[in-house]
Amino acid sequence: QAQLVESGGGLVQPGGSLRLSCSASSSIFSRFTSMGWYRQAPGKQRDLVARISAGGSTDYADSVKGRFTISRDNAKNSIALQMKSLKPEDTAVYYCNGEFLGDPGFYEYWGQGTQVTVAS
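A brief report on the enclosed structure follows. (Residues numbered from 1 in each chain as written. Predicted model: local features only at pLDDT ≥ 70, side-chain atom pairs only at ≥ 80, totals over all residues. Heavy atoms only, no water.)

Focus on the side chain of Thr 114
Consideration 1: Relative to the helices and strands, Thr 114 is located in strand E11 (residues 114–118).
Consideration 2: Here Thr 114 falls in the buried class, since its relative accessible area comes to 11%.
Consideration 3: Here the side chain of Thr 114 touches Gly 9 through a polar contact of 3.2 Å, landing on its backbone nitrogen.
Consideration 4: With sequence-adjacent residues up to four places away left out, Thr 114 is seen in contact with Glu 6, Ser 7, Gly 8, Gly 9, Leu 20, Ala 92, Val 93 and Tyr 94. (Helix = DSSP H or I, 4+ residues; strand = E, 2+ residues; numbered from the N terminus. Buried < 20%, exposed > 50% of the residue type's maximum accessible area, 1.4 Å probe, protein only. Polar contact = N/O pair within 3.5 Å; in protein donor to acceptor, adjacent residues only side chain to side chain. Contact = heavy atoms within 4.5 Å.)

See below:
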């Protein structure tokens, strides 16, 4: 069973919008000090898109500032990424991530990814 599960990907035209969601196990969601979205296009490295801390502070890649919004819903143990004004360059597999520091070490969780394709 995946600890993080993404949904909401699909095909959208340039200028369109999509909303991605990521649901986590309640037992680990509360432990995450930070959660975020990363993306990876073919032949490219996996890069940060947006991150949100347990305290609600956010961080965005320069390429998505003003277009993407990350949010969290503690009651639903989930985070979301609202994407607008999508560009072909946004095409990638989007991955949900969660992190926390335990006493033995650092823990990092990843979802399976969801495909976002922006094309006419």
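What follows picks up the thread again.
Considerations on the pairing of strand E8 (residues 78–83)
Consideration 1: For E8, a buried count of five out of six residues is recorded, marking the element as mostly surrounded by other parts of the structure.
Consideration 2: As paired strands, strand E3 (residues 18–24) and E8 are joined by six bridges and run antiparallel to one another. Within E8, the residue paired with Ser 23 across the bridge is Ser 78.
Consideration 3: Across six bridges, the pairing between strand E7 (residues 68–73) and E8 is antiparallel. The residue of E8 that forms the bridge with Ile 70 is Leu 81.
Consideration 4: Between E7 and E8, which pair antiparallel and follow one another directly, the connecting turn spans four residues, one of which, Asn 77, has a positive phi of 50°. (Pairing = 2+ DSSP bridges.)

Section: the nonpolar core
Consideration 1: Core analysis: the largest hydrophobic core is formed by 30 residues, its most contacted members being Trp 37, Ile 79, Leu 81, Met 83 and Tyr 94.
Consideration 2: Secondary-structure elements contributing two or more residues to this core are E3, helix H1 (26–29), strand E4 (34–40), strand E5 (47–53), E7, E8, strand E9 (92–101) and E11.
Consideration 3: In this structure Ile 79 touches Leu 20, Ser 21, Cys 22, Phe 29, Met 35, Gly 36, Trp 37, Ile 52, Ile 70, Ser 71, Arg 72 and Cys 96, once residues within four positions along its chain are discounted. (Core = buried A, V, L, I, M, F, W, Y, C linked by side-chain atoms within 4.5 Å.)

A look at the packing of aromatic side chains
Working definition: an aromatic ring pair is given by the centre-to-centre distance plus the angle between the planes.
Consideration 1: In this structure the tally under the stated criterion is five aromatic pairs.
Consideration 2: On the basis of an interplanar angle of 50° and a centroid distance of 6.1 Å, the ring pair of Phe 32 and Phe 100 is categorised as tilted. Residue Phe 32 is found in the loop between H1 and E4, and its partner Phe 100 is found in strand E9; the two are separated by 68 residues along the sequence. Across the pair, exposure class does not vary: Phe 32 and Phe 100 are buried alike.
Consideration 3: When the ring of Phe 100 is compared with that of Tyr 107, the centres are 4.9 Å apart and the planes differ by 10°; the resulting orientation is stacked.
Consideration 4: For Phe 100, a relative accessible area of 8% translates into the label buried.
Consideration 5: You can call Tyr 107 partly exposed: its relative accessible area is 32%. (Phe/Tyr/Trp six-rings, centres within 6.5 Å; stacked < 30°, edge-to-face > 60°.)

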